[in-house]
Amino acid sequence: MIHDFAVIGAGMAGASIAAELAPDASVLLIEAEDAPGYHATGRSAAFYEECYGGPGVVPLTRASGAYLADHGFLAPRGALYVGRPEDRAAMADFRSSYEGTGVQIEPLAPAELAARVPHIRAEWSEALYQPACADIDVAGLHQHYLAQAKRQGVEIATRARVAGLSRRAGVWTITSERGTSWQAARIVNAAGAWADEIARLAGVRPVGITPLRRTVAVLRVAPQAPADLPLILDINGGFYFKADAGRLWLSPHDEIPSEPCDAAPEELDVAIAIDRFQQVTDWRIEAVERRWAGLRSFAPDRMPVYGFDAEGEGFFWFAGQGGFGIQTAPAAARLGAQVLTGQGPDAMTAGIDPAAFAPWRVQSARQSA
Ligand SMILES: Cc1cc2nc3c(=O)[nH]c(=O)nc-3n(C[C@H](O)[C@H](O)[C@H](O)COP(=O)(O)OP(=O)(O)OC[C@H]3O[C@@H](n4cnc5c(N)ncnc54)[C@H](O)[C@@H]3O)c2cc1C
């Protein structure tokens, strides 16, 4: 059988685009691991934050918001970008960079910041409030897309690492490490940190997707963090933390270049996170109960890459989801499927310009560099 599409990678990206393609096409979804979601998707900090990823990503995030809320995947939290008096200019720049995007950002008085964030040190007096921020049920969303894909006839192959890709007479042959092979008219590269590797296997020029390691530590603090604590982010990108089930999830906002791999946290990054946290709050840390790391993958301009390769026929990029691949998943998958099948925009994607994410922008920048 020749499938219309073979989607490589069954994390959030692959699962969501397979589900969106399924009504009109025969789709094969191929995953290297035993269980989909083992890599970046299963390691996220699980928040929806409209500014995250920068102004260029806002249209994808905001277009996804209604779908996430309507399906019950969001729990309101609110976010606070915090800083010290010397950060006022940075905070003003941050705020003005989102003007016209529709993102709601409100300054918060120091007394209100202190009331909302117990134990914050007095010098952290500046804050911008982002009310739309919410927690995302990441596993629920991922399972929703996998179930939708299955229900609509998508064939899912797990423990099937793609090791060979060749194209003859308009048909791709995909071969797994274990020797299974399939055929498809088009390849959808949703392999996360491995996206450039998949391109190389296919004889397609990589676009320069770089995996960057991000660490999260789960802290038990005393007194216990309130459940309604907003997500707290450093305006200078040095940390974020949020409450979860009586604990605090803390990240040093690290971006350590890495090979594509099963990422593991380094003690040094956990220590840096704790040091920064202690400069911001006087919460007593009783234990680091858990820690993990995952790879966030970025194109050189940090915008996602969605679209057909400029040179590799039948090769579609769905990669570079950086730190926003969960919160943008519904609109990104809908847009990706529309571009793949030549359909026009619908109500969800009407305000999004697909050209902003087209691979040729990265490929032509590389050519002229
Ligand atoms: C610590 C951390 C915090 C984050 N927090 C947030 C957040 O709060 N909100 C948000 O929106 N995003 C967040 N992100 C980003 C988000 O997790 C990612 O953007 C998203 O999960 C990317 O999904 P993906 O499907 O592209 O990648 P992945 O989930 O990594 O999936 C790629 C899949 O491809 C498979 N694969 C690779 N090579 C092959 C091959 N040869 N054959 C077959 N399969 C292959 C892999 O096994 C993997 O399952 C965070 C990420 C990290 C690491």
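Procedures and definitions
- Residues numbered from 1 in each chain as written.
- Predicted model: local features only at pLDDT ≥ 70, side-chain atom pairs only at ≥ 80, totals over all residues.
- Heavy atoms only, no water.
- Helix = DSSP H or I, 4+ residues; strand = E, 2+ residues; numbered from the N terminus.
- Rg over C-alpha atoms; globule rule 2.2 N^0.38 Å.
- Buried < 20%, exposed > 50% of the residue type's maximum accessible area, 1.4 Å probe, protein only.
- Contact = heavy atoms within 4.5 Å.
- Areas by Shrake-Rupley, 256 points an atom, 1.4 Å probe, with all protein chains shown as cover.
- Lys, Arg positive; Asp, Glu negative; His and termini not counted.
- Charge placed at Lys NZ, Arg CZ, Asp CG, Glu CD.
- Pairing = 2+ DSSP bridges.
- Axes fitted to C-alpha atoms, helices over the stretch in contact; angles between N-to-C directions.
- Parallel < 35°, antiparallel > 145°, perpendicular 65-115°, else oblique.
- Left-handed = near helix turned anticlockwise from the far one by under 90°.
- Nonpolar A, V, L, I, M, F, W, Y, C, P; charged D, E, K, R; others polar.
- Expected span 1.5 Å × (residues − 1).
- Bend = angle between axes of the 7 residues up to and from the residue.
- Near = heavy atom within 4 Å.
- Polar contact = N/O pair within 3.5 Å; in protein donor to acceptor, adjacent residues only side chain to side chain.
- Salt bridge = Lys/Arg side-chain N within 4 Å of Asp/Glu carboxyl O.
- Core = buried A, V, L, I, M, F, W, Y, C linked by side-chain atoms within 4.5 Å.
- Phe/Tyr/Trp six-rings, centres within 6.5 Å; stacked < 30°, edge-to-face > 60°.
- Lys NZ or Arg CZ within 6 Å of the ring centre and 35° of its normal.

J.: Is there a simple way to explain the overall build of the protein chain in this structure?
T.: When its secondary structure is counted, the protein chain shows nine helices and 20 strands. At 21 Å, the protein chain has a C-alpha radius of gyration in line with the 21 Å of a compact globule built from 369 residues. When its C-alpha atoms are laid out on the principal axes, the protein chain stretches across 70 × 45 × 40 Å. Counting every position in the protein chain, which comprises 369 residues, the buried fraction comes to 56%. Partitioning the intrachain contacts of the protein chain with sequence separation of at least 6 by distance along the chain shows that 73% fall at a separation of at least 24. Working note: accessible area of the protein chain is about 15,000 Å², and carbon and sulfur atoms make up 50% of it. Each charge sign in the protein chain was given a centre, from 32 positive and 43 negative side chains, and these centres are 3 Å apart.

J.: Help me out: how do you make sense of the sheet that holds strand β8 (residues 134-136) in this one?
T.: Hydrogen bonds between backbone atoms are what pair the strands of a sheet, whose relative direction is either parallel or antiparallel. Spatial strand order, β3-β8-β4: three strands in an open sheet with antiparallel pairing. Every other strand in the sheet has two partners, leaving β3 (47-48) and β4 (74-76) as the edge strands with one partner each. Across three bridges, the pairing between β4 and β8 is antiparallel. Residue pairing for β8: Ala75 is matched across the bridge by Asp135.

J.: Before we go on, may I ask you to explain the packing of helix α1 (residues 12-21) against helix α8 (residues 329-341) in this structure?
T.: Any two packed helices are characterised by how steeply their axes cross, that is the angle between the axes, and by the distance between the axes. In the contact formed by α1 and α8, the axes pass within 8 Å of each other and the chain directions differ by 55°. Here α1 lies oblique to α8, going by the angle between them. Where α1 crosses over α8, the two elements pack in a sense that is right-handed. From α1, Met12, Ser16, Ile17, Glu20 and Leu21 reach across to α8, where they touch Ala329, Ala333, Arg334, Gly336, Ala337, Leu340 and Thr341. Residues of the contact of α1 with α8, tallied by class, amount to seven nonpolar, three polar and two charged.

J.: Is there a simple way to think about helix α2 (residues 58-70) in this case?
T.: Counted at 1.5 Å a residue, the expected span for α2 with its 13 residues is 18 Å, and the 19 Å between its end C-alpha atoms agrees. The largest bend in α2 comes to about 30°, at Ser64. Looking at the buried residues of α2, the elements they touch are β3, β4, α5 (138-151), β19 (305-308) and α8.

J.: Is there a simple way to explain the site of the ligand in this structure?
T.: Taken together, 38 residues lie near the ligand, and Glu31, Thr41, Phe47, Val162 and Gln327 sit nearest. Contacts to the ligand include Ala13, whose backbone N or O atom sits 3.0 Å from an oxygen atom. At a separation of 2.9 Å, an oxygen atom of the ligand approaches a polar backbone atom of Phe47. In isolation the ligand exposes 1,000 Å². Once the protein is present, 97% of that is buried. Breaking the shell around the ligand down by element, the ones donating at least two residues are α1, β13 (210-222) and β18 (284-298). Looking at the shell around the ligand, the element that brings in the most residues is β18, giving three residues. Classifying every residue of the shell around the ligand gives 20 nonpolar, twelve polar and six charged.

J.: Explain the side chain of Thr215 to me, please; I cannot follow it from the model alone.
T.: Within the secondary structure, Thr215 sits in strand β13. A distance of 2.4 Å separates the side chain of Thr215 from the side chain of Asp254, its partner in a polar contact.

J.: Just checking my understanding: could you explain the pattern of salt bridges for this structure?
T.: Pairing of side chains with opposite charge becomes possible as their charged atoms draw close. One pass over the structure, following the stated rule, counts 25 salt bridges. Its salt-bridge partner being Arg214, residue Asp254 comes within 3.6 Å of it at the nearest N-O pair. Note that Asp254 is positioned in the loop between β16 (247-251) and β17 (256-257) and Arg214 in strand β13, a separation of 40 residues in sequence. For the pair Asp254 and Arg214, a shared accessibility class is recorded, and that class is buried. Among the charged side chains, a network of salt bridges with common partners joins Arg214, Asp254, Glu255, Arg296 and Arg302.

J.: I'm lost on the nonpolar core in this one. Help?
T.: Of all hydrophobic cores here, the largest spans 51 residues; its most connected members are Val7, Leu21, Val188 and Phe318. Discounting residues that sit within four places of it in the chain, Val188 has contacts with Phe5, Ala6, Val7, Ile8, Ile17, Leu21, Phe316, Phe318 and Leu340. Ala6, Trp182, Ala184 and Ala202 belong to the second largest nonpolar core, which has 32 residues in total.

J.: What is the right way to look at the packing of aromatic side chains in this model?
T.: Aromatic rings in a pair are described by how distant their centres are and how their planes are angled relative to each other. Using the criterion set out here, one finds 15 aromatic pairs in the structure. A centroid spacing of 5.1 Å and a plane angle of 85° characterise the contact between Phe308 and Phe316, whose relative ring orientation is edge-to-face. A relative accessible area of 31% means that Phe308 is categorised as partly exposed. One aromatic cluster is present, built from ring pairs that chain together Trp124, Phe239, Phe241, Phe277 and Trp283. One Lys or Arg, Arg116, reaches over the ring of Tyr129 and ends 4.4 Å from the middle of that ring.

J.: Would you explain unusual backbone geometry in this entry?
T.: Trans is the common state for peptide bonds, and a negative phi is the common state for residues other than glycine. Cis geometry is adopted by the peptide bond preceding Pro223, which originates at Ala222 and carries an omega value of -10°. Relative to the assigned elements, Pro223 resides in the loop between β13 and β14 (231-234). Its identity as a non-glycine residue notwithstanding, Ala169 has a phi of 50°, on the positive side. Here Ala169 is to be found in the loop between β10 (162-168) and β11 (171-176). Judged by its relative accessible area of 84%, Ala169 is exposed.

Keep in mind these numbers describe shape, not what the thing actually does.
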